[in-house]
Amino acid sequence: MKTADPELMRAINRLNVLDTIRRHGPIARVEISERTELSTTTVSAITASLLDDGLILPRHEGDIRNEGARGRPRVMLELNPDAARVVGAKIAASRLVFVLTDFRGDVLSKLTLPIRIDRQPITVIADLVEDGVRRCVVDAGLSLEDVDTVCLGLPGVIEHRTGHVRSSPIFRDTNVDFASEMTARLGTSTIIESDAHAITLAHHWFGKARDLEDMVLISLEQTLGLGVLHGNQLFRGAGGLSHNLGDLVLGTGSQGTVRLSSRAGESAILGEQQADGRFAEAIRLGRGMAHAQALIKAEDNVLIGAAVRAGEAVGLTIANIVTLFAPPRVILVGSSLALGEPFLNSLRDAYALAIPPSLKGVTELIFDDSTDDFWAQGAAAVALYELYESPWNTTGPAL
């Protein structure tokens, strides 16, 4: 019988300890041992190494100068915020959002550029992204030499391992090697990730899934994205591919294959309404869903019907995903939530009808109206994830 690779096991144990400190720190070694099910000797050796590498810091509970205090002060461990700095960004059709964070994920500076970039030449988009990253870093009183990694979150199908954008509504072209382009411009390692994966990690690290090791996130933005977290790890496809949920087949009809995007995509929903001057301008500026919300409140039957059909399609999709993965929680985020009760009620009803009886009550549905800053913070979390959560990583701090 083949035994496990000792080096790999040490790396896995090391990231397990570090992740436990991240999620529960300040935390004592004995509690780390209990949570990781590693021996106290192993935990002591790993934490000593992490302290030597400057990735964690000790915090003493109690005052050794207080003669009335009994026993030695308790040593608690926490992440060292100065161990790394990363930039995360959300790249959307009508805006660029950047955040600079420390090793704990605390935001040091942020920047929003409300500018339409979709379908611009790649060089123009790269110019704007470069300027945004540099300005965000300068606003924090730092230089790019102080930044370990940059992560850019984009909608579409992203090949994470190579940094290739196979397709995105942001770009005119397909199969764009955007990671190499931005790494060369910034002189700093740049990661390209799907925006759905970024917001998934944001919720795992800072948001509504911080208490979970397994969850599913569905992004209802310009494109429909999927994030699956299992055992604290993002699930990616071959080559690190992200998942374009909009390509999911709902069925076939007289006009061919019916995909989720044709029922629940932003363009499908907004396209139901004849775009007058104000509505067309709102769509152009990336505010189509917000304007649609106002029309729905004014009882626009066309948009109400589109919202109901979209909610039904998403509800059936969630039921299928829960049937496959049975996650404890599904979090829904994105601009489509602005459609309000017609969309949400239709989604809930369709989900309740489609979910198998054996899985009723297994999964909690959460609707979250996250800000763009939070999405960008998720991209920063991807960068931190690459730096210290993967035992196979060879580019970040030694784990």
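This text goes with the structure placed above it.
Residues numbered from 1 in each chain as written. Predicted model: local features only at pLDDT ≥ 70, side-chain atom pairs only at ≥ 80, totals over all residues. Heavy atoms only, no water.

A.B. asks: Would you mind going over the pattern of salt bridges with me for this structure?
C.D. replies: One side chain can pair with another of opposite charge once the charged atoms of both are near each other. The tally for this structure, following the rule as stated, stands at 20 salt bridges. Between Asp 82 and Arg 85 there is a salt bridge, with its nearest N and O atoms 3.6 Å apart. Three or more residues joined by partner-sharing salt bridges are found here, namely Asp 127, Glu 130, Arg 134, Glu 181 and Arg 185. (Salt bridge = Lys/Arg side-chain N within 4 Å of Asp/Glu carboxyl O.)

A.B. asks: So what exactly am I meant to see when it comes to the packing of aromatic side chains here?
C.D. replies: Any aromatic ring pair is given by two values, namely how distant the centres are and how the planes are angled relative to each other. Taken as a whole, this structure holds 2 aromatic pairs when the rule is applied. Between the aromatic rings of Trp 205 and Phe 206, the centroid separation amounts to 6.0 Å while the plane-to-plane angle is 70°, which identifies the pairing as edge-to-face. For Trp 205, a relative accessible area of 1% translates into the label buried. You can call Phe 206 partly exposed: its relative accessible area is 25%. Positioned above the aromatic ring of Trp 205, the side-chain terminus of Arg 22 is 4.1 Å from the ring centre. The ring of Trp 375 is capped by Lys 90, whose NZ or CZ atom sits 4.1 Å from the centre of that ring. (Phe/Tyr/Trp six-rings, centres within 6.5 Å; stacked < 30°, edge-to-face > 60°. Buried < 20%, exposed > 50% of the residue type's maximum accessible area, 1.4 Å probe, protein only. Lys NZ or Arg CZ within 6 Å of the ring centre and 35° of its normal.)

A.B. asks: Any chance you could explain the side chain of Arg 14 here in plain terms?
C.D. replies: Mapped onto the elements, Arg 14 comes out in helix α1 (residues 6-24). A polar contact of 2.5 Å, which involves the side chain of Arg 14, links it to the side chain of Asp 53. (Helix = DSSP H or I, 4+ residues; strand = E, 2+ residues; numbered from the N terminus. Polar contact = N/O pair within 3.5 Å; in protein donor to acceptor, adjacent residues only side chain to side chain.)

A.B. asks: Can you walk me through the environment of Gly 163 in this structure?
C.D. replies: With respect to the helices and strands, the residue Gly 163 is situated in the loop between β7 (157-159) and β8 (164-167). Residue Gly 163 is classed as buried on the basis of its relative accessible area, which comes to 3%. Put simply, Gly 163 and Asn 175 are 12 residues apart on the chain and 9.6 Å apart in space, counted from C-alpha to C-alpha. In contact with Gly 163, other than residues within four places in its own chain, are Val 176, Asp 177, Phe 178, Ala 179 and Ile 192. (Contact = heavy atoms within 4.5 Å.)

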